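# Fold and contact review
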Amino acid sequence: MSAPLSRVGVLGGTFDPIHHGHLAAASEVCAALGLDQVLLAPTNRQPFKEGFDSAPAEDRLEMCRLAVLGDDRLAVTPVDIERGGITYTVDTLTDLRDQLPGAQLYFITGADALERLSEWREAERLGELARFVGVTRAGHPLPQLDTAHTLVEVPAMAVSSTDVRRRVRAGAPIRYLVPRAVADYIATHDLYAGGWDD
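Residues numbered from 1 in each chain as written. Predicted model: local features only at pLDDT ≥ 70, side-chain atom pairs only at ≥ 80, totals over all residues. Heavy atoms only, no water.

## A short note on the overall build of the protein chain
When helices and strands are tallied, the protein chain shows 8 helices and 6 strands. Written out in order from the N terminus, the α and β elements of the protein chain read β-α-β-α-β-α-α-β-α-α-β-β-α-α. Relative to its 198 residues, the protein chain shows a buried fraction of 45%. The contacts of the protein chain with a sequence gap of at least 6 include a subset with a gap of at least 24, amounting to 70%. When the accessible surface of the protein chain is summed, it comes to about 10100 Å², and 49% of that surface belongs to carbon and sulfur atoms. (Helix = DSSP H or I, 4+ residues; strand = E, 2+ residues; numbered from the N terminus. Buried < 20%, exposed > 50% of the residue type's maximum accessible area, 1.4 Å probe, protein only. Contact = heavy atoms within 4.5 Å. Areas by Shrake-Rupley, 256 points an atom, 1.4 Å probe, with all protein chains shown as cover.)

Set out below in structure tokens:
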């Protein structure tokens, strides 16, 4: 029986689709902070993307699972999708604290998002539930953040989910922007071809 995880990163996001930039950020934070594992937590519905027509939650969850195969440092949790409704970080962390008693959680997000942490739902509770880690790309200025937060510089990768979706619609290759299994899944399930923009 394996030992319980004691230091767990949580990377939430729409992952529509997951790409190498997400995986590089998770890997870099895992190494920099000596975490036991990083959980990818696909949102059910983003509060800031109402009206945004994303791929079905089940497809985004499966693409995340395919993306982390073979890397024991990374795993996927369906906690937000199983809860349903709009995903709020406070709910994600509350549920994961229940599922991983005794573990120290590290919530990973963009450094720019940390500057607006006070605007998040139940912001006053967030610091009790997890430590917050802001990721920033090399060459970008580091924001001035509360000393309770940690900043990790990650490799700059010119890839975004928006660009991947646009490239699928245009028939352009995405092979080196997303893991091969994710590219195959997108093609097999005809995701994004009729697409949308945001």
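## Let's talk about the nonpolar core
The nonpolar side chains of a soluble globular protein tend to be buried, and buried together. Ranked by size, the top nonpolar core spans 40 residues in total, and within it Ile18, Val29, Val38, Leu40, Met63 and Ile186 carry the most contacts. Other than its neighbours up to four places away in sequence, Ile186 contacts Pro17, Met63, Val168, Ile174, Leu191 and Tyr192. One finds Leu96, Phe107, Leu114 and Leu117 within the second-largest nonpolar core, a separate group that totals 20 residues. (Core = buried A, V, L, I, M, F, W, Y, C linked by side-chain atoms within 4.5 Å.)

## A look at the pattern of salt bridges
Per the stated rule, a full pass over the model turns up 4 salt bridges. Asp71 serves as the salt-bridge partner of Arg73, at 2.8 Å between the closest nitrogen and oxygen. Accessibility expressed as a relative area gives 32% for Arg73, which makes it partly exposed. Connected via shared salt-bridge partners are Asp80, Arg83 and Asp95. (Salt bridge = Lys/Arg side-chain N within 4 Å of Asp/Glu carboxyl O.)

## Quick look at the environment of Ile81
By secondary structure assignment, the location of Ile81 is in helix H3 (residues 79-83). Residues Ile81 and Arg45, 36 residues apart in the sequence, show an inter-C-alpha distance of 8.3 Å.

## Side note on the environment of Ala24
Summarising the element assignment, Ala24 is placed in helix H1 (residues 20-33). Among the residues examined, Ala24 registers a relative accessible area of 18% and is labelled buried. C-alpha separation for the pair Ala24 and Val154, spaced 130 residues apart in sequence, amounts to 7.2 Å.

## Some words on H1
In this model, H1 (14 residues) spans 20 Å end to end at C-alpha, consistent with the 20 Å of a helix rising 1.5 Å per residue. Every buried residue belonging to H1 is among Gly21, His22, Leu23, Ala24, Ala25, Ala26, Val29, Cys30 and Leu33, and all of these are buried. (Expected span 1.5 Å × (residues − 1).)

## What to know about unusual backbone geometry
With omega at 5 degrees, the peptide bond leading from Asp16 into Pro17 counts as cis. Within the element layout of this structure, Pro17 appears in the loop between strand E1 (7-13) and H1. Even without a glycine there, the phi angle at Glu122 is positive, about 50 degrees. Among the structural elements, Glu122 can be located in the loop between helix H5 (111-114) and helix H6 (123-129).

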